[in-house]
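# Summary of the model geometry
Take a look at the letters that make up each chain.
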Amino acid sequence: MPALRKAPTKTQQAHAMLSDPHLYELFDVFARHRPGANRPVRPADLACFILDVESRIYGNRQQVEAANAAPTVWAKKRKLVREFSGRTLPSVPPGPDTVRKWRSRWLPPLDRTEDVSVPEVLTDLLDAATKLGAKRARKLGQFKAHQPRNFADPSPRHNVSMDGTWLSPFSHAKSWTDPQGVERLLRSKAKSKATIREQQVVHSTTKDGRKVMGVNHVVGVTRTKYGRVFLGVQRALRGENLAALELTERIVEHTEDGMHSLTYDKGFHGWTTDYLAAKHGIQTVIPAKVATAGRTEEEQLDHMLAEQALRVPQFDAQETLRRTGNDTTTRNARSQTTKKKAKARAKKSIRPNNTLIEAMAHDRQAERHDLAGLIAKTQKGIPTGHGLPLGTSHYVSSQNKLITVRSQHDFYRDIKHTHPRGSVCTHSVHVDDGAFWVVDWYDGAWHKTQRVTCSHSAPVADPVTGHHTIVSTHQLYCRQTRSFLDFDTIYEPRHKPGKPTPAESAARSKQQKALALMQPIARCDERFRRAYGLRNDIESWFSDMKNRLLADRRAASLDLNHQMLDVLYAGMVTNALALRIYRYEH
C-alpha cells in the first residue's frame, strides 16, 4: 500500500487543503458576500478563512494557533497558497480571536429570538460545495453520464451514501422562568439572560436505542477509487427525509445524470423513495420496512400461523424444503377448506400474548438454527429465508448474531404454465421483506421455498411527462419441468411529493401495491449486502468528523449556521485528501 493511503498527519492534511483549487473557489463565494463589498479583498481575509477551515483539522482555534506558531510552518503555507492560487498571505498568521470575529462578521450569529434561517451567503456556499464536490467526483471516476442503469446490480461508481448525524449542543445552558415569574439560568455561570450561551434549537429523540439531542445534519458522500468525496450537507430541523430529499435533488442537479442509486438507512421510507424513482430514476438501497402492529384481522391470523409454525418443536427449514419443493402436485390439490380449518385451529390454540410468543419463537428458532451454516451460506451468496414461514426472515448481523425480522409480505400473483404432460403448473409468488418468493403450504402455514431472482431492473422514462416506470425481469425455477421461467413486472411509482391520499391508495391495483413492497435487490441477496455496505462510508466519515470536534464530541460552535459551516469545512478537507491521492497515483 502506498504511503499516501495511510492516515495522513494533520500537517499533511493542511498542506493538501492548501493545494486544492476548490478551496479558493469557495473563498470567492465568501468574498462576494463579505461586508463592505466595495473594498478589495485583503490577504488577511484569505488567511482568516484558511485558519477557520484548519480548525476542522486540528480541533479548535487554539490548536491551530499552536500549529502555526513556528515561522517555517507559516512560510511553507504561504508558498503553497502562492503556487496553487497566485495569491498572497500576510507574513504573520492572524490570532484565534481575529479569526472568530472575522467569521461572525460575514456570517452573523442568529439571535435567539428570531426564526432559524439560512442566509444567502451560506446558501450559495452550500450549493457551490455540492457543485465542486460533484466535479471532483467526476474527475476521480464517478458519475459518468448517460450510462445504462440496472437496479438489480447497482454500480458503486454511481452511488451516493447518505445519512443524518446529531451534533450534540455546544452548551446545555438554558434560561427558564419559574411559576413565580423569576428568570432562572440553568447550567450556566452567566449573570443575565443576555449573556447566557444558550443554543437556539435543541431537539431530542431516540436513535438506535439511545437518547440523542442536538441538531440533525444530513450528509452525502461517494466512494471513489481514491477515497471518499463529500457532496453536501443539509440541516434537518423538520424531518430527516425532507432534508435528505432536498440534498439529493441538489446532488442530482450537479451530477448530470450520473447518480443512479442512493444508499440510506432503514429510516428513509415512504413517499420519498417513490418520488426519487419516478422523477429522477434513482434507486434507493434500503432494508425493507418491517411489519407494524397495525395489522388487519386476516394479517394478524397469518402472523399467528407463522408463530405457531415456529413453535412446533420438530420444525426444520430444510425438511420444509424437502417436503414441499418436490411435491407441487400435492400442494395444488390442497383446497381452501384445509386452509380455513388450519386458521380455525390456530385461533383456538394460540394465546393472545404476542410478546411472549415472539420471544419464545425467537429463542427456540435460534437454538435450532445452524448459525455457522447460515453465515457460510450468506457469504456464498445463498439467500436467507428458505423454509421459513411467510412474514418471518432471518439475517446475520455484523456481529454474527441471528436476527429475526417480522417482515411485511403480500401476495403478488400466481405464475402458471403448461406442463409437457398437459397439466397446468402453478407457482404462488409473494413479496416478503422486499423479495419475491415462491411459497408452499406446509404444517399450517405458508413457507418460503424458492427465492425468485431479479436479473434486470431499469427505469424507463416517459417521453412526454418524463416520469419513470420501473421495468424488471424475474426468473424462477420449476422443479416439475426442470426449466427456468421468466416473467416481467412493471411498477409505476408515484411522482407526486407527499403521502398518497386515501383515494389514490384505493385506486392502485393489488399487484401495484405488492410491487411497492418489492425491491430488485432485497436484504436476503448478496448483491444487497455489497450495495448496502457502501453506507459504511458515511458512518466512517461521521466518526472521523466528530473525532475532530471538542473533547466531549459536542458541536464546536454555538450558532446553528456556524455548526453547519463546520460540517462543510470537514467535507472540504475530505475532498482535498482524495485529490492528494489522485495526484500521487497519476
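What you are looking at is a predicted structure, and each value in this text was computed from that prediction instead of being measured.

Moving on, we get to the overall build of the protein chain. Scanning the protein chain from terminus to terminus reveals 20 helices and 16 strands. A buried classification covers 49% of the 586 residues belonging to the protein chain. Accessible surface computed for the protein chain: about 28500 Å², of which carbon and sulfur atoms make up 51%.

In this section: the sheet that holds strand S14 (residues 445–461). Taken in spatial order, the six strands make up an open sheet running S11-S12-S13-S14-S15-S16, and their pairing is antiparallel. Because the sheet does not close on itself, it has two edges, and the strands there are strand S11 (409–418) and strand S16 (483–491). Mean inter-strand twist for the sheet, computed between neighbouring axes without regard to direction, equals 30 degrees. Here nine bridges tie strand S15 (residues 468–478) to S16, and the two strands are oriented antiparallel to one another. Bridge pairing in S16 links Ile-470 to Tyr-491. Packing of helix H9 (residues 271–280) onto the sheet brings it into contact with S15 and S16, and relative to S15 it is tilted by some 105 degrees.

Here the focus is the pattern of salt bridges. Following the criterion strictly, the structure yields 22 salt bridges and no others. In this structure, Arg-136 engages Asp-20 in a salt bridge whose closest nitrogen and oxygen atoms are separated by 2.7 Å. In this pair, Arg-136 is assigned in helix H7 (residues 120–139) and Asp-20 in the loop between helix H1 (10–18) and helix H2 (21–33), connecting sequence segments 116 residues apart. Measuring nitrogen to oxygen at the nearest pair gives 3.0 Å for the salt bridge that ties Arg-535 to Asp-163. With Arg-535 in the loop between helix H18 (526–532) and helix H19 (536–547) and Asp-163 in strand S1 (residues 159–167), this pair connects stretches of sequence that are 372 residues apart. Assessed through its relative accessible area of 2%, Asp-163 is described here as buried. Salt bridges linked by common partners bring Asp-52, Arg-56, Arg-61, Arg-103 and Asp-566 together as one network.

This brings us to the nonpolar core. Within soluble globular proteins, side chains that are nonpolar generally end up buried alongside one another. Ranked by internal contacts, the top residues of the largest apolar core, which has 58 residues, are Leu-23, Phe-49, Val-219 and Trp-541. It is helix H20 (residues 560–585) that provides the largest number of residues to this core, a total of 10 residues. Not counting the four nearest positions on each side in its chain, Val-219 is found in contact with Ser-161, Met-162, Asp-163, Phe-230, Gly-232, Val-233, Leu-247, Ile-538, Trp-541, Phe-542 and Val-567. Ala-137, Phe-143, Ala-244 and Leu-245 belong to the second-largest nonpolar core, a separate cluster that totals 28 residues.

This part takes up the packing of aromatic side chains. Here the structure, examined in full by the defined rule, presents 17 aromatic pairs. Ring centres of Trp-441 and Trp-446 lie 5.2 Å apart, and the angle between their planes is 75 degrees; on these two criteria the pair is classed as edge-to-face. Following the ring pairs from residue to residue traces out a cluster consisting of Phe-27, Phe-30, Phe-49, Trp-102, Trp-106 and Tyr-569. Over the ring of Phe-170 we find Arg-554, and its NZ or CZ is 5.0 Å from the ring centre.

Bringing unusual backbone geometry into the picture now. Even without a glycine there, the phi angle at His-146 is positive, about 60 degrees. Residue position: His-146 is located in the loop between H7 and S1. The residue Asp-433 is not glycine, and still its phi comes out positive at about 55 degrees. By secondary structure assignment, the location of Asp-433 is in the loop between strand S12 (424–432) and strand S13 (435–442).

Our next topic: the confidence of the model for the protein chain. Looking at the protein chain, the pLDDT average stands at 81 and 81% of residues meet or exceed 70. Residue range residues 293–335 is modelled with pLDDT below 50. Its contacts to residues more than four positions away, or to other chains, number 85 contacts. Below a pLDDT of 50 lies the segment residues 345–369, which in the model reaches 36 contacts outside its immediate sequence neighbourhood of four places, other chains included.

It is worth spelling out the side chain of His-562 at this point. Secondary-structure assignment places His-562 in helix H20. Under the relative-accessibility criterion, His-562 is labelled buried at 6%. Sequence-distant contacts of His-562, defined by excluding residues within four places in its chain, comprise Arg-103, Ser-104, Leu-107, Pro-109 and Ser-557.

Moving on to the side chain of His-269. Tracing the chain through its elements places His-269 in the loop between strand S7 (261–263) and H9. Look past the residues within four positions of His-269 in its chain and what remains in contact with it is Asn-241, Ile-286, Pro-287, Ala-288 and Lys-289.

This next bit is on the pairing of S13. Among the eight residues in S13, eight count as buried, and that is most of the element. Here S13 shows a buried face lined by Ala-435, Trp-437, Val-439 and Trp-441 and a second buried face lined by Phe-436, Val-438, Asp-440 and Tyr-442. By the bridge criterion, four bridges tie S12 to S13 in an arrangement that is antiparallel. From the neighbouring strand, Asp-432 faces S13, where its bridge partner is Ala-435. Linking two consecutive strands that pair antiparallel, namely S12 and S13, is a turn of two residues; a positive phi of about 55 degrees is found at Asp-433 within it. Here S13 runs beside S14; their pairing, made up of seven bridges, is antiparallel. Following the sheet pairing, Phe-436 is matched in S14 by Val-452. Taking the residues that link successive antiparallel strands as the turn, the S13-S14 hairpin has two residues, and the phi of Asp-443 there is positive, at about 55 degrees.

Glancing now at H2. Of all the positions in H2, only His-22, Leu-23, Tyr-24, Leu-26, Phe-27, Val-29, Phe-30 and Ala-31 are classed as buried. Looking at where H2 begins, the residue whose side-chain oxygen comes 3.0 Å from the main-chain nitrogen of His-22 is Asp-20.

Along the chain, the position of Gly-385 falls in the loop between helix H15 (371–379) and strand S9 (392–396). Along the sequence, Gly-385 and Trp-437 sit 52 residues apart, while their C-alpha atoms lie 9.4 Å from each other. The residues contacting Gly-385, other than those within four sequence positions of it, are Trp-437 and Lys-448.

Criteria and thresholds
Residues numbered from 1 in each chain as written. Predicted model: local features only at pLDDT ≥ 70, side-chain atom pairs only at ≥ 80, totals over all residues. Heavy atoms only, no water. Helix = DSSP H or I, 4+ residues; strand = E, 2+ residues; numbered from the N terminus. Buried < 20%, exposed > 50% of the residue type's maximum accessible area, 1.4 Å probe, protein only. Areas by Shrake-Rupley, 256 points an atom, 1.4 Å probe, with all protein chains shown as cover. Pairing = 2+ DSSP bridges. Axes fitted to C-alpha atoms, helices over the stretch in contact; angles between N-to-C directions. Contact = heavy atoms within 4.5 Å. Salt bridge = Lys/Arg side-chain N within 4 Å of Asp/Glu carboxyl O. Core = buried A, V, L, I, M, F, W, Y, C linked by side-chain atoms within 4.5 Å. Phe/Tyr/Trp six-rings, centres within 6.5 Å; stacked < 30°, edge-to-face > 60°. Lys NZ or Arg CZ within 6 Å of the ring centre and 35° of its normal. pLDDT = per-residue confidence, 0-100. Polar contact = N/O pair within 3.5 Å; in protein donor to acceptor, adjacent residues only side chain to side chain.

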